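Observations on chain architecture
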Amino acid sequence: MTSVTTIVVAGSTVLIVRKPIRHLYLRLAPDGERIIVSAPWSWPDDRIAQAITQRSAWIEQQRRRRAIQHVRVAGELDGLPIPIWGQMHRIRILAARSQPTVVSTPGELVLHVGAEATLQRAHAVLAAWQRATVRAAAHPVLTHWCQVMGLSVSRLTIRPMTTLWGSCQTRDRRLCLNARLVHDPAVCLEYVIVHELTHLIEQSHGPRFDALVGHWLPDWRERHALLGHNGG
Ligand SMILES: [Zn+2]
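Computed from a predicted structure; not experimentally measured.

A word on the nonpolar core. Formed by 47 residues in total, the largest nonpolar core has its most connected members in Leu-177 and Leu-197. Every element with two or more residues in this core is listed here: strand S5 (81-84), strand S8 (108-112), helix H3 (119-149), strand S9 (155-159), strand S11 (174-178), helix H4 (186-198) and helix H5 (207-216). Looking at which element gives the most residues to this core, the answer is H3, with 11 residues. Split by domain, the residues of this core number at least three in each of domain 2 (61-126) and domain 3 (130-226). Among all residues touching Leu-197, those that are not within four sequence positions of it are Leu-142, Trp-145, Cys-146, Met-149, Leu-151, Val-153 and Leu-175. Listed in part, the 16 residues of the second largest apolar core include Ile-7, Ile-16, Ile-35 and Ile-52.

Turning next to the environment of Arg-27. As for its position among the elements, Arg-27 is in strand S3 (residues 25-28). Taking relative accessible area as the criterion, Arg-27 reaches 48% and is therefore assigned partly exposed. Through-space distance from the C-alpha of Arg-27 to that of Ala-127 is 29 Å; in sequence the pair is 100 residues apart.

Another point: the pattern of salt bridges. Any two side chains of opposite charge can pair if their charged atoms end up close together. Considering all chains together, one arrives at eight salt bridges under this definition. The partner of Glu-190 in a salt bridge is Arg-223, and the shortest N-O contact between them spans 2.8 Å. Note that Glu-190 is positioned in helix H4 and Arg-223 in helix H6 (residues 220-226), a separation of 33 residues in sequence. Since its relative accessible area comes to 11%, Arg-223 is described here as buried. Close ionic contact of Asp-219 with Arg-223 constitutes a salt bridge, the shortest N to O distance being 2.8 Å.

In the sheet, strand S7 (residues 101-105) pairs with S8 via five bridges, with the strands oriented antiparallel. Within S8, the residue paired with Thr-105 across the bridge is Glu-108.

Remark: H3 packs on H4, axes separated minimally by 10 Å, with the N-to-C direction vectors making an angle of 45°. With respect to H4, the element H3 is oriented oblique. In this structure, the crossing between H3 and H4 has a hand that is right-handed. Facing H3, whose interface residues are Val-134, Ala-137, Ala-138, Val-141, Leu-142, Trp-145, Cys-146 and Met-149, H4 presents Leu-189, Glu-190, Ile-193, Val-194, Leu-197 and Thr-198. Class assignment for the residues of the contact of H3 with H4 results in 12 nonpolar, one polar and one charged.

What follows deals with the coordination of the zinc ion. Those protein atoms acting as donors to the zinc ion are His-195 (NE2), His-199 (NE2) and His-205 (NE2), and they sit at 2.0 to 2.1 Å. Every donor residue of the zinc ion comes from the same chain, spaced as H-x3-H-x5-H. What makes His-205 exposed here is its relative accessible area of 52%.

Moving on, we come to the sheet that holds strand S2 (residues 12-19). The four strands are arranged S1-S2-S4-S3 in an open sheet whose pairing can be described as mixed. Strand pairing shows two members of the sheet lacking a second neighbour, strand S1 (3-9) and S3, which therefore form its edges. Across the sheet, the axes of successive neighbouring strands diverge by a mean angle of 25°, strand direction being ignored. Relative to strand S4 (residues 35-40), S2 is paired through six bridges, and the arrangement is parallel.

Calculation rules
- Residues numbered from 1 in each chain as written.
- Predicted model: local features only at pLDDT ≥ 70, side-chain atom pairs only at ≥ 80, totals over all residues.
- Heavy atoms only, no water.
- Core = buried A, V, L, I, M, F, W, Y, C linked by side-chain atoms within 4.5 Å.
- Buried < 20%, exposed > 50% of the residue type's maximum accessible area, 1.4 Å probe, protein only.
- Helix = DSSP H or I, 4+ residues; strand = E, 2+ residues; numbered from the N terminus.
- Domains from an automatic or database assignment.
- Contact = heavy atoms within 4.5 Å.
- Salt bridge = Lys/Arg side-chain N within 4 Å of Asp/Glu carboxyl O.
- Pairing = 2+ DSSP bridges.
- Axes fitted to C-alpha atoms, helices over the stretch in contact; angles between N-to-C directions.
- Parallel < 35°, antiparallel > 145°, perpendicular 65-115°, else oblique.
- Left-handed = near helix turned anticlockwise from the far one by under 90°.
- Nonpolar A, V, L, I, M, F, W, Y, C, P; charged D, E, K, R; others polar.
- Donors = N, O, S within 2.8 Å, 3.2 Å for Na, K, Ca; no water.

Encoded structure:
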């Protein structure tokens with residue numbers, strides 16, 4: 001037996017399905033907006049609302065992840081939500097200026113690609129913007145941490161990667177960052193840069209590696225937990 005009710009928590013509609021269970025389970029509805037909660041019978045609404053508030057960071061992370069996956073496979077980009085440095089924006093496709101340009105405003109990411117542009121073209125413009133934006137943001141952060149850590153890199157590459165947040169070729173001191181970092185909070189980019197630079201000192205992941213990262217970024221675990229998808 002179940003019962004379904006609805007409440008609103010911090011502007012989000014929450015569907016509560018009460019069942020004979022012992023713990024609370026949270027997930028996002030397919031629309032990426034509503035939250036679906038399975039809760040024990042005994043839990044009143046305010047206890048459920050409190051549990052949702054406590055997990056708001058996780059919910060936002062799920063929303064970002066959902067939006068990024070959606071954008072990647074979208075048949076149409078116009079109107080899709082897209083997170084930029086952790087903040088939700090909406091994609092708007094407008095007529096091209098002389099060159100395709102991308103303008104980020106509070107709440108919107110405007111792609112000037114022209115109505116006649118193919119979807120493939122729009123995705124290519126978006127991908128170029130991701131790379132350029134991560135590069136521009138990474139540059140001062142990398143310069144800062146190279147100074148602090150007493151290191152140098154020979155080359156920085158930005159490209160989309162599916163399983164890694166970044167990589168570091170220690171032999172020739174080349175650093176690579178995932179272009180999709182543009183979707184996560186900026187503290188994540190800094191964490192990935194420090195992580196990859198640390199590989200120039202300690203190649204393998206282990207207690208010494210964690211201690212080194214923790215020395216420079218004491219909150220690295222929180223930053224790591226904020227990353228939207230699987231990295232390495
Ligand atoms: Zn690593």
